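Take a look at the letters that make up each chain.
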Amino acid sequence: MTDDIEIIGVGMHPFGRYTNASLKDLNRVACVSALVDAGLGVRDIDAVYAANAMAGLLQGQEMIRGQSVMREIGIERVPVTNVENACASGSTALRQAVLAIRAGSADVVLVAGVEKMFVEDRAKTLAALESAGDLDVVSGIGLQFTAVYGMRLRKLIAAGRLTVDDLVAVSVKSHANGERNPYAQHRKVVSPEEVLGSRPIADPLTLLMCSSICDGAAAVVLARRGAVATEKPTIRIRASQAATGYTTTGNEPSLTELCAAAAYAEAGFGPEDVDVAEVHDAMAPAELIAYEQLGFCSPGDAGALLDSGTTQIDGSRPVNPSGGLSSRGHAVGATGLAQIAELTWQLRGEATGRQTRRPRIGLAHNNGGWLEGESAVSCVHLLERTDPWG
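This write-up is about the structure you can find in this document. (Residues numbered from 1 in each chain as written. Predicted model: local features only at pLDDT ≥ 70, side-chain atom pairs only at ≥ 80, totals over all residues. Heavy atoms only, no water.)

Description of the nonpolar core
The biggest cluster of nonpolar side chains holds 48 residues, and the ones touching the most others in it are Tyr291, Phe296 and Leu382. When contributions to this core are tallied by element, the ones reaching two or more residues are α7 (145-158), α8 (164-179), β8 (235-244), α10 (255-267), α11 (286-293), α12 (302-307), β10 (361-371) and β11 (374-385). Take this core: its biggest share by element is six residues, from α10. Apart from residues no more than four positions distant in its own chain, leucine 382 is found in contact with Arg236, Ile237, Arg238, Ala239, Ala263, Tyr264, Ala267, Phe269, Val274, Ile361, Gly362 and Leu363. Of all hydrophobic cores here, the second largest spans 37 residues; its members include Ala51, Ala93, Leu222 and Ala364. (Core = buried A, V, L, I, M, F, W, Y, C linked by side-chain atoms within 4.5 Å. Buried < 20%, exposed > 50% of the residue type's maximum accessible area, 1.4 Å probe, protein only. Helix = DSSP H or I, 4+ residues; strand = E, 2+ residues; numbered from the N terminus. Contact = heavy atoms within 4.5 Å.)

Structure follows, in C-alpha coordinates:
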(Lines give C-alpha, C1' and ligand atoms only; values in the text may rest on other atoms or scores of the structure.)
Protein backbone atom coordinates (compact mmCIF):
# COMPACT_ATOMS: atom_id res chain seq x y z
CA MET A 1 0.00 0.00 0.00
CA THR A 2 1.15 3.54 -0.68
CA ASP A 3 -0.98 5.30 1.94
CA ASP A 4 -0.60 3.06 4.97
CA ILE A 5 1.57 5.39 7.05
CA GLU A 6 0.61 8.70 8.65
CA ILE A 7 2.69 11.58 9.94
CA ILE A 8 1.19 12.30 13.35
CA GLY A 9 3.80 14.64 14.82
CA VAL A 10 6.63 16.93 13.76
CA GLY A 11 9.02 19.19 15.62
CA MET A 12 12.16 21.26 15.12
CA HIS A 13 14.86 23.04 17.01
CA PRO A 14 15.35 26.32 15.10
CA PHE A 15 18.35 26.20 12.78
CA GLY A 16 21.24 28.58 13.47
CA ARG A 17 24.33 28.95 15.62
CA TYR A 18 24.03 27.59 19.17
CA THR A 19 27.45 27.77 20.76
CA ASN A 20 26.38 26.47 24.17
CA ALA A 21 23.97 23.78 22.98
CA SER A 22 24.99 20.12 22.68
CA LEU A 23 23.69 17.46 20.33
CA LYS A 24 21.48 16.27 23.18
CA ASP A 25 20.09 19.77 23.72
CA LEU A 26 19.19 20.22 20.05
CA ASN A 27 17.70 16.75 19.75
CA ARG A 28 15.64 17.12 22.94
CA VAL A 29 13.79 20.18 21.64
CA ALA A 30 12.95 18.61 18.28
CA CYS A 31 11.88 15.21 19.64
CA VAL A 32 9.83 16.49 22.55
CA SER A 33 8.10 18.96 20.22
CA ALA A 34 7.25 16.16 17.79
CA LEU A 35 5.94 13.90 20.58
CA VAL A 36 3.79 16.69 22.01
CA ASP A 37 2.49 17.42 18.51
CA ALA A 38 1.56 13.75 18.17
CA GLY A 39 -0.02 13.62 21.64
CA LEU A 40 2.31 10.79 22.65
CA GLY A 41 4.91 10.03 25.29
CA VAL A 42 8.29 8.31 25.04
CA ARG A 43 6.77 4.98 26.08
CA ASP A 44 4.50 5.02 23.03
CA ILE A 45 7.46 4.72 20.66
CA ASP A 46 8.21 1.27 19.22
CA ALA A 47 11.45 2.15 17.43
CA VAL A 48 13.75 5.05 16.60
CA TYR A 49 15.76 5.93 13.50
CA ALA A 50 18.35 8.56 14.36
CA ALA A 51 20.15 10.54 11.66
CA ASN A 52 23.46 12.35 11.97
CA ALA A 53 26.29 12.89 9.52
CA MET A 54 29.25 14.48 11.28
CA ALA A 55 29.20 13.96 15.05
CA GLY A 56 31.99 11.40 14.78
CA LEU A 57 34.31 13.93 13.18
CA LEU A 58 33.12 17.05 15.01
CA GLN A 59 32.07 15.87 18.48
CA GLY A 60 33.94 12.57 18.62
CA GLN A 61 30.73 10.62 19.24
CA GLU A 62 30.80 7.54 17.06
CA MET A 63 28.77 4.33 16.86
CA ILE A 64 25.96 5.07 19.36
CA ARG A 65 24.95 8.62 18.47
CA GLY A 66 21.25 7.83 18.43
CA GLN A 67 21.28 5.80 21.64
CA SER A 68 23.13 8.57 23.48
CA VAL A 69 20.75 11.38 22.51
CA MET A 70 17.59 9.28 22.88
CA ARG A 71 18.45 7.96 26.34
CA GLU A 72 18.74 11.58 27.45
CA ILE A 73 15.00 12.10 26.74
CA GLY A 74 13.95 8.79 28.29
CA ILE A 75 13.79 6.54 25.25
CA GLU A 76 15.43 3.23 26.18
CA ARG A 77 15.00 -0.50 25.48
CA VAL A 78 13.34 -0.04 22.09
CA PRO A 79 15.60 -0.46 19.04
CA VAL A 80 17.49 2.67 18.00
CA THR A 81 19.05 2.52 14.54
CA ASN A 82 21.71 5.03 13.55
CA VAL A 83 21.60 6.40 10.00
CA GLU A 84 24.49 8.24 8.33
CA ASN A 85 24.00 9.08 4.66
CA ALA A 86 25.58 12.49 4.03
CA CYS A 87 23.11 15.37 3.49
CA ALA A 88 20.32 12.83 2.95
CA SER A 89 20.73 11.21 6.37
CA GLY A 90 17.39 12.50 7.65
CA SER A 91 15.37 11.50 4.60
CA THR A 92 17.10 8.12 4.52
CA ALA A 93 16.16 7.57 8.18
CA LEU A 94 12.57 8.43 7.29
CA ARG A 95 12.56 5.86 4.51
CA GLN A 96 13.91 3.20 6.87
CA ALA A 97 11.14 3.99 9.35
CA VAL A 98 8.55 3.70 6.57
CA LEU A 99 9.92 0.30 5.60
CA ALA A 100 9.93 -0.86 9.23
CA ILE A 101 6.26 -0.02 9.67
CA ARG A 102 5.31 -1.60 6.35
CA ALA A 103 7.24 -4.73 7.36
CA GLY A 104 5.11 -5.02 10.50
CA SER A 105 7.96 -4.59 12.98
CA ALA A 106 6.60 -1.37 14.52
CA ASP A 107 3.41 0.68 14.73
CA VAL A 108 4.79 4.01 15.97
CA VAL A 109 8.29 5.20 15.06
CA LEU A 110 10.24 8.32 15.97
CA VAL A 111 12.60 9.62 13.29
CA ALA A 112 15.09 12.25 14.41
CA GLY A 113 17.95 14.14 12.82
CA VAL A 114 20.49 16.35 14.58
CA GLU A 115 23.68 18.14 13.57
CA LYS A 116 26.03 20.56 15.32
CA MET A 117 28.39 22.05 12.75
CA PHE A 118 29.65 25.06 14.70
CA VAL A 119 32.79 23.96 16.52
CA GLU A 120 35.84 25.88 17.65
CA ASP A 121 37.87 24.98 14.57
CA ARG A 122 35.98 25.88 11.39
CA ALA A 123 38.52 23.87 9.37
CA LYS A 124 37.24 20.68 11.02
CA THR A 125 33.74 21.36 9.73
CA LEU A 126 34.97 22.10 6.22
CA ALA A 127 37.01 18.89 6.23
CA ALA A 128 33.98 16.95 7.43
CA LEU A 129 31.92 18.37 4.56
CA GLU A 130 34.64 17.44 2.08
CA SER A 131 34.54 13.86 3.35
CA ALA A 132 31.04 13.53 1.87
CA GLY A 133 32.72 13.26 -1.53
CA ASP A 134 34.56 10.26 -2.88
CA LEU A 135 38.01 10.85 -1.37
CA ASP A 136 39.72 9.10 -4.27
CA VAL A 137 38.41 12.00 -6.36
CA VAL A 138 38.40 15.02 -4.03
CA SER A 139 41.01 14.32 -1.33
CA GLY A 140 43.68 16.97 -1.06
CA ILE A 141 42.27 19.32 -3.70
CA GLY A 142 39.90 21.17 -1.39
CA LEU A 143 36.89 20.52 -3.60
CA GLN A 144 33.73 21.60 -1.78
CA PHE A 145 30.13 21.31 -2.89
CA THR A 146 30.13 24.98 -3.81
CA ALA A 147 32.69 24.20 -6.52
CA VAL A 148 30.59 21.27 -7.79
CA TYR A 149 27.48 23.44 -8.00
CA GLY A 150 29.51 26.23 -9.59
CA MET A 151 30.71 23.94 -12.38
CA ARG A 152 27.19 22.67 -13.05
CA LEU A 153 25.75 26.18 -13.18
CA ARG A 154 28.48 27.49 -15.50
CA LYS A 155 27.63 24.72 -17.96
CA LEU A 156 23.91 25.60 -17.85
CA ILE A 157 24.62 29.29 -18.33
CA ALA A 158 26.97 28.56 -21.24
CA ALA A 159 24.25 26.41 -22.82
CA GLY A 160 21.73 29.25 -22.49
CA ARG A 161 19.48 27.32 -20.09
CA LEU A 162 20.00 29.73 -17.19
CA THR A 163 21.19 33.28 -16.67
CA VAL A 164 22.99 34.98 -13.80
CA ASP A 165 19.79 36.97 -13.24
CA ASP A 166 17.96 33.68 -12.65
CA LEU A 167 20.51 32.69 -9.99
CA VAL A 168 20.08 36.03 -8.27
CA ALA A 169 16.28 35.98 -8.42
CA VAL A 170 15.91 32.55 -6.85
CA SER A 171 18.32 33.56 -4.08
CA VAL A 172 16.24 36.66 -3.35
CA LYS A 173 13.13 34.45 -3.19
CA SER A 174 14.78 32.01 -0.77
CA HIS A 175 15.83 34.77 1.61
CA ALA A 176 12.38 36.38 1.47
CA ASN A 177 10.81 33.05 2.45
CA GLY A 178 13.36 32.44 5.19
CA GLU A 179 12.59 35.84 6.70
CA ARG A 180 9.02 34.60 7.32
CA ASN A 181 10.10 31.31 8.94
CA PRO A 182 10.73 31.36 12.71
CA TYR A 183 12.83 28.18 12.39
CA ALA A 184 15.16 29.62 9.74
CA GLN A 185 18.84 30.38 10.20
CA HIS A 186 18.88 33.44 7.93
CA ARG A 187 15.87 35.70 8.47
CA LYS A 188 16.73 38.74 6.39
CA VAL A 189 15.34 39.92 3.08
CA VAL A 190 18.08 40.71 0.57
CA SER A 191 18.08 42.70 -2.66
CA PRO A 192 19.37 41.52 -6.05
CA GLU A 193 22.22 44.00 -5.69
CA GLU A 194 23.20 42.55 -2.32
CA VAL A 195 23.18 38.99 -3.69
CA LEU A 196 25.25 39.85 -6.74
CA GLY A 197 27.63 42.05 -4.76
CA SER A 198 28.29 39.60 -1.93
CA ARG A 199 31.63 37.81 -1.68
CA PRO A 200 32.42 35.43 -4.58
CA ILE A 201 32.51 31.79 -3.47
CA ALA A 202 32.75 29.64 -6.62
CA ASP A 203 31.93 31.40 -9.88
CA PRO A 204 29.08 32.20 -10.49
CA LEU A 205 28.04 31.61 -6.87
CA THR A 206 28.24 34.38 -4.30
CA LEU A 207 27.97 34.20 -0.52
CA LEU A 208 24.25 35.04 -0.38
CA MET A 209 23.47 32.21 -2.79
CA CYS A 210 25.00 29.57 -0.51
CA SER A 211 23.96 27.69 2.62
CA SER A 212 26.23 28.11 5.62
CA ILE A 213 27.45 26.12 8.59
CA CYS A 214 24.46 25.37 10.80
CA ASP A 215 23.27 23.71 14.01
CA GLY A 216 19.78 22.25 14.31
CA ALA A 217 17.48 19.28 14.75
CA ALA A 218 14.17 17.99 13.40
CA ALA A 219 11.92 15.06 14.26
CA VAL A 220 8.92 13.24 12.79
CA VAL A 221 6.57 10.70 14.41
CA LEU A 222 5.16 8.10 12.01
CA ALA A 223 2.35 5.66 12.73
CA ARG A 224 0.64 2.82 10.96
CA ARG A 225 -2.65 4.02 9.54
CA GLY A 226 -5.25 4.07 12.32
CA ALA A 227 -2.80 3.14 15.09
CA VAL A 228 -3.00 6.54 16.79
CA ALA A 229 -6.11 8.69 17.05
CA THR A 230 -5.55 12.35 16.20
CA GLU A 231 -7.69 15.40 15.64
CA LYS A 232 -5.17 16.98 13.29
CA PRO A 233 -5.57 16.77 9.50
CA THR A 234 -4.41 13.38 8.22
CA ILE A 235 -1.08 13.50 6.38
CA ARG A 236 -0.11 10.26 4.68
CA ILE A 237 3.16 9.23 3.05
CA ARG A 238 2.26 8.25 -0.49
CA ALA A 239 5.80 7.53 -1.70
CA SER A 240 9.22 6.98 -0.14
CA GLN A 241 12.04 6.39 -2.60
CA ALA A 242 15.83 6.44 -2.53
CA ALA A 243 18.52 5.93 -5.16
CA THR A 244 22.31 5.78 -5.30
CA GLY A 245 24.54 7.63 -7.75
CA TYR A 246 25.72 5.69 -10.75
CA THR A 247 28.35 5.86 -13.46
CA THR A 248 26.99 7.91 -16.34
CA THR A 249 28.12 9.24 -19.70
CA GLY A 250 26.07 12.37 -19.09
CA ASN A 251 23.31 11.30 -21.46
CA GLU A 252 21.32 9.27 -18.93
CA PRO A 253 18.70 10.75 -16.56
CA SER A 254 20.07 12.39 -13.44
CA LEU A 255 19.86 10.60 -10.10
CA THR A 256 17.10 12.97 -8.97
CA GLU A 257 15.10 12.26 -12.13
CA LEU A 258 15.33 8.51 -11.53
CA CYS A 259 14.34 8.82 -7.87
CA ALA A 260 11.47 11.22 -8.61
CA ALA A 261 10.12 8.96 -11.36
CA ALA A 262 10.06 6.05 -8.91
CA ALA A 263 8.25 8.18 -6.33
CA TYR A 264 5.62 9.35 -8.83
CA ALA A 265 5.06 5.76 -9.92
CA GLU A 266 4.65 4.58 -6.33
CA ALA A 267 2.19 7.37 -5.48
CA GLY A 268 0.22 7.05 -8.68
CA PHE A 269 0.40 10.68 -9.67
CA GLY A 270 2.84 13.02 -11.42
CA PRO A 271 4.64 16.33 -10.99
CA GLU A 272 1.58 18.22 -12.22
CA ASP A 273 -0.22 17.12 -9.03
CA VAL A 274 2.35 18.56 -6.62
CA ASP A 275 1.05 21.64 -4.79
CA VAL A 276 4.10 22.53 -2.67
CA ALA A 277 7.70 21.31 -2.62
CA GLU A 278 10.81 21.46 -0.48
CA VAL A 279 13.88 20.78 -2.61
CA HIS A 280 17.59 20.35 -1.97
CA ASP A 281 19.19 23.74 -2.61
CA ALA A 282 22.44 23.76 -0.67
CA MET A 283 23.16 26.59 -3.09
CA ALA A 284 19.94 28.53 -3.79
CA PRO A 285 20.30 28.27 -7.61
CA ALA A 286 20.15 24.48 -7.32
CA GLU A 287 16.41 24.99 -6.88
CA LEU A 288 16.32 25.88 -10.58
CA ILE A 289 17.97 22.58 -11.51
CA ALA A 290 15.43 20.76 -9.33
CA TYR A 291 12.54 22.36 -11.24
CA GLU A 292 13.62 20.46 -14.33
CA GLN A 293 14.72 17.23 -12.69
CA LEU A 294 11.47 16.89 -10.73
CA GLY A 295 9.38 17.51 -13.82
CA PHE A 296 7.99 20.91 -12.86
CA CYS A 297 9.13 22.32 -16.21
CA SER A 298 10.89 21.29 -19.40
CA PRO A 299 14.69 21.54 -19.75
CA GLY A 300 15.67 25.15 -20.27
CA ASP A 301 12.43 26.54 -18.82
CA ALA A 302 13.46 26.86 -15.16
CA GLY A 303 14.12 30.59 -15.42
CA ALA A 304 10.76 31.17 -17.08
CA LEU A 305 8.99 29.14 -14.38
CA LEU A 306 10.63 31.25 -11.70
CA ASP A 307 9.76 34.50 -13.51
CA SER A 308 6.13 33.42 -13.81
CA GLY A 309 5.68 33.55 -10.03
CA THR A 310 4.48 29.94 -9.92
CA THR A 311 7.07 28.95 -7.31
CA GLN A 312 6.51 31.93 -5.00
CA ILE A 313 4.68 31.38 -1.70
CA ASP A 314 1.50 32.79 -3.24
CA GLY A 315 2.00 30.93 -6.53
CA SER A 316 0.26 27.81 -7.75
CA ARG A 317 3.24 25.55 -6.91
CA PRO A 318 5.40 27.14 -4.19
CA VAL A 319 8.91 25.74 -3.84
CA ASN A 320 10.92 26.07 -0.63
CA PRO A 321 8.44 28.19 1.35
CA SER A 322 10.68 27.47 4.36
CA GLY A 323 13.56 29.33 2.71
CA GLY A 324 15.21 26.08 1.65
CA LEU A 325 18.61 24.85 2.72
CA SER A 326 20.24 28.12 1.70
CA SER A 327 18.09 30.29 3.99
CA ARG A 328 16.28 28.00 6.45
CA GLY A 329 19.66 26.38 6.99
CA HIS A 330 21.38 23.10 6.24
CA ALA A 331 22.09 21.28 9.52
CA VAL A 332 23.12 18.27 7.47
CA GLY A 333 21.72 15.32 9.43
CA ALA A 334 18.46 17.16 10.15
CA THR A 335 17.77 18.67 6.73
CA GLY A 336 15.61 15.92 5.25
CA LEU A 337 13.36 15.86 8.30
CA ALA A 338 13.14 19.66 8.40
CA GLN A 339 11.70 19.44 4.88
CA ILE A 340 9.08 16.94 6.07
CA ALA A 341 8.20 19.12 9.06
CA GLU A 342 7.68 22.12 6.79
CA LEU A 343 5.51 20.19 4.36
CA THR A 344 3.43 18.78 7.22
CA TRP A 345 2.79 22.27 8.55
CA GLN A 346 1.92 23.46 5.05
CA LEU A 347 -0.49 20.58 4.40
CA ARG A 348 -2.15 21.09 7.79
CA GLY A 349 -2.44 24.84 7.27
CA GLU A 350 -0.15 25.58 10.23
CA ALA A 351 2.74 27.40 8.49
CA THR A 352 1.97 30.75 10.08
CA GLY A 353 3.36 33.70 8.15
CA ARG A 354 4.32 31.63 5.11
CA GLN A 355 1.24 29.49 4.49
CA THR A 356 0.68 28.49 0.88
CA ARG A 357 -2.69 27.99 -0.83
CA ARG A 358 -4.47 25.00 0.70
CA PRO A 359 -2.07 22.35 -0.63
CA ARG A 360 -3.00 18.68 -0.90
CA ILE A 361 0.21 17.09 -2.25
CA GLY A 362 3.70 17.90 -0.98
CA LEU A 363 7.07 16.75 -2.33
CA ALA A 364 10.38 16.57 -0.45
CA HIS A 365 13.63 16.14 -2.40
CA ASN A 366 16.91 15.62 -0.55
CA ASN A 367 20.28 14.72 -2.08
CA GLY A 368 23.54 13.88 -0.37
CA GLY A 369 27.23 13.34 -0.98
CA TRP A 370 29.10 13.45 -4.25
CA LEU A 371 30.49 10.78 -6.52
CA GLU A 372 32.41 11.75 -9.62
CA GLY A 373 29.82 13.50 -11.75
CA GLU A 374 26.72 12.85 -9.62
CA SER A 375 25.20 12.99 -6.15
CA ALA A 376 25.85 9.90 -4.04
CA VAL A 377 22.26 9.54 -2.84
CA SER A 378 18.84 10.97 -3.60
CA CYS A 379 15.59 10.65 -1.65
CA VAL A 380 12.12 11.76 -2.73
CA HIS A 381 9.03 11.61 -0.53
CA LEU A 382 5.46 12.46 -1.48
CA LEU A 383 2.91 13.43 1.18
CA GLU A 384 -0.85 13.81 0.87
CA ARG A 385 -3.45 15.57 2.99
CA THR A 386 -6.49 13.30 2.83
CA ASP A 387 -8.89 15.48 4.81
CA PRO A 388 -10.75 18.16 2.84
CA TRP A 389 -9.92 21.78 3.53
CA GLY A 390 -12.67 23.52 5.49
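Let's talk about the sheet that holds strand β9 (residues 276-278)
Spatially, the nine strands line up as an open sheet ordered β3-β2-β4-β7-β1-β8-β11-β10-β9, and their pairing is mixed. In this open sheet, the two strands that pair with only one neighbour each are β3 (80-83) and β9. Neighbour-to-neighbour, the strand axes of this sheet turn through a mean angle of 20 degrees, independent of strand direction. (Pairing = 2+ DSSP bridges. Axes fitted to C-alpha atoms, helices over the stretch in contact; angles between N-to-C directions.)

Looking at the environment of arginine 224
Along the chain, the position of arginine 224 falls in strand β7 (residues 215-224). Distance from arginine 224 to arginine 236, taken between C-alpha atoms, is 9.8 Å for residues 12 residues apart in sequence. Of the polar contacts made by the side chain of arginine 224, one reaches the backbone oxygen of alanine 106; its length is 3.0 Å. In this structure the side chain of arginine 224 is engaged in a polar contact, spanning 2.8 Å, whose partner is the side chain of aspartate 107. (Polar contact = N/O pair within 3.5 Å; in protein donor to acceptor, adjacent residues only side chain to side chain.)

Some thoughts on the layout of surface pockets
Its boundaries defined by the atoms lining it, the largest pocket holds a volume of some 1000 Å³. Arg152, Ser254, Gln293, Gly373 and Glu374 are the residues nearest the centre of the largest pocket, which is lined by 36 residues in total. Breaking the lining of the largest pocket down by element, the ones donating at least two residues are α7, α10, α11, β10 and β11. Along the lines of polarity and charge, the residues of the lining of the largest pocket split into 17 nonpolar, 11 polar and eight charged. The calculated volume of the second largest pocket comes to roughly 740 Å³. Among the elements of the structure, α5 (122-130), α7 and β10 are those that each provide at least two residues to the lining of the second largest pocket. Among the elements that take part in the lining of the second largest pocket, α7 stands out by supplying five residues, more than any other. Within the lining of the second largest pocket, the residues separate by chemical class into 16 nonpolar, 13 polar and four charged. (1 Å grid on protein atoms, 1.4 Å probe; cavity = no way out; pocket = protein on both sides within 12 Å on 5 of 7 lines; lining within 4 Å. Points joined across faces, edges and corners; volume = space filled by probe spheres on them. Nonpolar A, V, L, I, M, F, W, Y, C, P; charged D, E, K, R; others polar.)

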